[in-house]
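Results of the structural survey
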Amino acid sequence: MSDINVTPMVDVMLVLLVIFMVAAPLMTVGVEVDLPETSAAPMTGQDEPLVVSVSAEGTIYIMDSEIAQDTLTEKLAAITDNKADTRIFVRGDKTIDYGRVMEVMGLIKDAGFTKVALIAELPAKGS
């Protein structure tokens, strides 16, 4: 028989496709932040937002990369190609001081970014 049997290759490709489809949603922002709850409606907007996180220890992250506070504005400008209308979401741990989150938001606003928003979790339906 001189024909190539493609059935095993198709089976392997389908299994890989399913594995990647299941694993892709799990690969989100890697910084563990315990968000506060709110009853506000979710915002709609840009598909891939730029997320700045403030951990419980006060450490600042852009996506999942830790950065120093004095380099925050330069990194954001480089990532966004100096586009001031880029939507930036700030995630702050609910145990951190509110002033620290506002300080980070102020730095972002002072850098010229006009669309800065806070992220919170929706409350659980049973509570």
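Residues numbered from 1 in each chain as written. Predicted model: local features only at pLDDT ≥ 70, side-chain atom pairs only at ≥ 80, totals over all residues. Heavy atoms only, no water.

For the protein, an unreviewed UniProt entry supplies the name Biopolymer transport protein TolR and the organism Thalassospira tepidiphila. You can read under Sequence similarities (unreviewed entry) in the UniProt record for the protein the words "Belongs to the ExbD/TolR family." (UniProt positions renumbered as here; feature names shortened; annotations may be inferred.)

Right, let's get into the nonpolar core. Grouped together as the largest cluster of nonpolar side chains are 17 residues, with contacts concentrated most on Val-52, Ile-62, Leu-72, Leu-76, Ile-88, Val-104 and Ile-108. Of all the elements in the fold, those that place two or more residues in this core are β1 (50-54), β2 (60-62), α2 (72-80), β4 (87-92) and α3 (98-110). A total of four residues in this core trace back to one element, the largest contributor, which is α3. With residues near it in sequence (within four places) discarded, Ile-108 still touches Val-52, Leu-72, Leu-76, Ile-88, Val-90, Phe-113 and Val-116. (Core = buried A, V, L, I, M, F, W, Y, C linked by side-chain atoms within 4.5 Å. Buried < 20%, exposed > 50% of the residue type's maximum accessible area, 1.4 Å probe, protein only. Helix = DSSP H or I, 4+ residues; strand = E, 2+ residues; numbered from the N terminus. Contact = heavy atoms within 4.5 Å.)

Two elements in contact, α2 and α3, have axes separated by 9 Å at closest approach and are oriented at 50°. Between α2 and α3, the interaxial angle falls into the category oblique. In terms of crossing hand, the pair formed by α2 and α3 is right-handed. Here Leu-72, Thr-73 and Leu-76 of α2 lie close against α3, whose contacting residues are Val-104, Leu-107 and Ile-108. In terms of residue class, the contact of α2 with α3 is made up of five nonpolar, one polar and no charged. (Axes fitted to C-alpha atoms, helices over the stretch in contact; angles between N-to-C directions. Parallel < 35°, antiparallel > 145°, perpendicular 65-115°, else oblique. Left-handed = near helix turned anticlockwise from the far one by under 90°. Nonpolar A, V, L, I, M, F, W, Y, C, P; charged D, E, K, R; others polar.)

Moving on: the pattern of salt bridges. In the structure shown here, the tally under the stated rule is one salt bridge. Glu-103 is paired through a salt bridge with Arg-100; the nearest N and O atoms lie 3.5 Å apart. Placement of both Glu-103 and Arg-100 in helix α3 is noted, with a separation of three residues, approximately one turn of the helix. The exposure class of Glu-103 is partly exposed, given its relative accessible area of 38%. (Salt bridge = Lys/Arg side-chain N within 4 Å of Asp/Glu carboxyl O.)

What follows covers α3. Between its first and last C-alpha atoms α3 spans 18 Å; for 13 residues at 1.5 Å apiece the expected length is 18 Å, and the two agree. When α3 is considered as a whole, its buried residues turn out to be Arg-100, Val-101, Val-104, Met-105 and Ile-108. Down the axis, α3 shows its buried residues gathered within 140° of arc, on one side only. Opposite the buried face of α3, by more than 90 degrees, sit the exposed residues Tyr-98 and Asp-110. (Expected span 1.5 Å × (residues − 1). Arc of directions from axis to C-beta.)

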